[in-house]
Number of protein chains: 2
Amino acid sequence: MSMSRLTPERTDELYAATLRLLAEVGYDKLTMDRIAEETRSSKATLYRQWGSKEALVVAAIDADAPAVPESVDTGTLRGDLMALLEALPRDDDRDIALAAAILHACKSHPSLAQSFNDRVVATRVQVVTTVVDRAIARGEVAADNPAIPFVVPTLIGPAILREALTGEQCGPDYFIEILDAVLLPALGVTPPTTP
Amino acid sequence: MSMSRLTPERTDELYAATLRLLAEVGYDKLTMDRIAEETRSSKATLYRQWGSKEALVVAAIDADAPAVPESVDTGTLRGDLMALLEALPRDDDRDIALAAAILHACKSHPSLAQSFNDRVVATRVQVVTTVVDRAIARGEVAADNPAIPFVVPTLIGPAILREALTGEQCGPDYFIEILDAVLLPALGVTPPTTP
């Protein structure tokens, strides 16, 4: 399936419409017919380009999710994680209805869940794993430190809870606070002293 | 508003129906009429008992949310937090659609959000705050440890992320792992050595 048939702008429009409909009606009621109608495109085009509703939805989610730098290597774990966190969008207007629709759909469609994890989650977790592995190789973090499996959950989980409870978007500053106050001390890395 | 007019069983039925409808149709489309119809009760009874849809919904959420022991005092921070975590239900079948409906409704109804935070969240956070304050008073945790504001987010956030991504319920064991691997080290408390 070549992407060359659609311009990037047109692809973005189709992704945006897919996510808007997903948040509105949920995965089960979302149909290729409806997306085609909404975007004045043909169902044949959608199937030719993405092959299935599942593939279109996962591609749309992946394109919408914050990108992470492919590789960072600042020489310290804190520097690397800061670089990843600073790359997060500051004024992203993530839609909790969309997140809920995705997670709800994943619960009842294991193949969607698998594909969402492989394409959207795993690729982003991998970047963090690489950075932590490098810190272990440098001797900055002990290879058997029990906090290692919790690096991503400790960085991301609190922000999800806070956004859910307050409705406020967490910017990079919140993640950096957690990094210095909780994660680095748990990993045995001394964060810089704040003035 | 006296609660004596309804039996506890009947109250539980009304709460269950309210939460089921909330997950199904969302807060905005949830009406007292619909709840009355669904539970074969009268709208007058619902208003007499709870006063408003908002009050009924928050009472139903509060009754459904895991209870925390009113006071624990084992002599150590780890003992106290373990006691709180062990009291979490092990086979709770929380519904992500319900959680999503609640959070979505809170986003557009500030008064519901306030009442949800005051009644459901704040009372549970307060129990943890008391336990941490006691650890500070005992000299177990330094009063200026930067991880103190993140005790609840660090314990709860990772589980929310994990449940969302895997669809699997986290039992007390997962929380205890986070406690020993991340939170206690960040607070400068040495967790017991595992064999």
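You'll find chain A entered in an unreviewed UniProt entry as TetR/AcrR family transcriptional regulator, with Mumia zhuanghuii given as the organism.

## A few points about the domain arrangement of chain A
Residues and elements named next belong to chain A. Assigned domains within chain A: domain 1 (3-62) and domain 2 (66-186). Using C-alpha coordinates to define each centre, domain 1 is positioned 27 Å away from domain 2. The partner domain 2 presents 14 residues to the 11 residues of domain 1 that form the contact. When the two sides are added together, the surface that domain 1 and domain 2 hide from each other amounts to roughly 1,200 Å², 65% of it contributed by carbon and sulfur. When the area that domain 1 buries against domain 2 is broken down by residue, the three leading residues are V58, I61 and D62, summing to 42%. Put simply, domain 1 and domain 2 have two salt bridges between them. One salt bridge connects R119 with D62, and the closest N-O pair in it is separated by 3.3 Å. On the surface where domain 1 and domain 2 come into contact, there are four residue pairs in polar contact (both at pLDDT 80 or more). When residues of the side of domain 1 that touches domain 2 are traced back to their parent elements, those giving at least two are α1 (8-25) and α4 (53-64). The leading source of residues in the side of domain 1 that touches domain 2 is α4, at six residues.

## Some remarks on the state of the cysteines
Tallying each qualifying case throughout the model produces zero disulfides over all chains. No disulfide involves B:C106; its sulfur sits 16 Å from that of A:C170, the nearest cysteine. Residue B:C106 is classed as buried on the basis of its relative accessible area of 8%.

## Observations concerning the pattern of salt bridges
Residues and elements named next belong to chain A. By the definition in use, this model includes 19 salt bridges over all chains. A salt bridge links K43 to D33; the nearest nitrogen and oxygen atoms lie 3.5 Å apart. Taken together, the residues K43 in helix α3 (residues 43-50) and D33 in helix α2 (residues 32-38) connect sequence positions 10 residues apart. Judged by its relative accessible area of 46%, D33 falls in the partly exposed class. One salt bridge in this structure joins D62 and R124, with 3.1 Å as the shortest N-O distance. With D62 in helix α4 and R124 in helix α7 (residues 110-138), this residue pair connects regions lying 62 residues apart in the sequence. Given a relative accessible area of 19%, R124 falls into the buried group.

## Focus: the nonpolar core
With 62 residues, the main nonpolar core has A:L77, A:L81, B:L77 and B:L81 as its most contacted residues. Beyond its immediate chain neighbours, meaning those up to four positions away, B:L77 contacts B:V131, B:V132, B:A135, B:R138, B:E140, B:V141, B:L184, B:L187 and B:V189.

## Quick look at the relation of the copies chain A and chain B
You can overlay chain A on chain B at an RMSD of 0.0 Å; the transform is a turn of 180° with a shift of 0.0 Å along its axis. Taken together, these values place the two copies in the relation of a two-fold axis. Relative to the rotation axis, the closest C-alpha in chain A is found at A:G157, a distance of 1.9 Å. The fraction of interface residues of chain A whose copies in chain B are also interface residues reaches 100%, indicating that both copies meet through the same surface.

## Quick notes on the packing of helix α5 (residues 77-86) of chain B against helix α7 (residues 110-137) of chain B
Residue and element names in this part refer to chain B. For the pair α5 and α7, interaxial distance at closest approach is 9 Å and the crossing angle is 170°. In terms of orientation, α5 lies roughly antiparallel with respect to α7. As α5 packs across α7, the resulting crossing turns out to be right-handed. Contacts between α5 and α7 involve L77, D80, L81 and L84 from the former and V127, V128, V131, V132, R134 and A135 from the latter. Tallied by class, residues from the contact of α5 with α7 come to eight nonpolar, no polar and two charged.

Rules behind the numbers
- Residues numbered from 1 in each chain as written.
- Chains lettered and ligands numbered in written order.
- Predicted model: local features only at pLDDT ≥ 70, side-chain atom pairs only at ≥ 80, totals over all residues.
- Heavy atoms only, no water.
- Domains from an automatic or database assignment.
- Contact = heavy atoms within 4.5 Å.
- Buried area = accessible area lost by both parts, 1.4 Å probe.
- Salt bridge = Lys/Arg side-chain N within 4 Å of Asp/Glu carboxyl O.
- Polar contact = N/O pair within 3.5 Å; in protein donor to acceptor, adjacent residues only side chain to side chain.
- Helix = DSSP H or I, 4+ residues; strand = E, 2+ residues; numbered from the N terminus.
- Disulfide = S-S within 2.5 Å.
- Buried < 20%, exposed > 50% of the residue type's maximum accessible area, 1.4 Å probe, protein only.
- Core = buried A, V, L, I, M, F, W, Y, C linked by side-chain atoms within 4.5 Å.
- Least-squares fit on C-alpha atoms with pLDDT ≥ 70 in both.
- Axes fitted to C-alpha atoms, helices over the stretch in contact; angles between N-to-C directions.
- Parallel < 35°, antiparallel > 145°, perpendicular 65-115°, else oblique.
- Left-handed = near helix turned anticlockwise from the far one by under 90°.
- Nonpolar A, V, L, I, M, F, W, Y, C, P; charged D, E, K, R; others polar.

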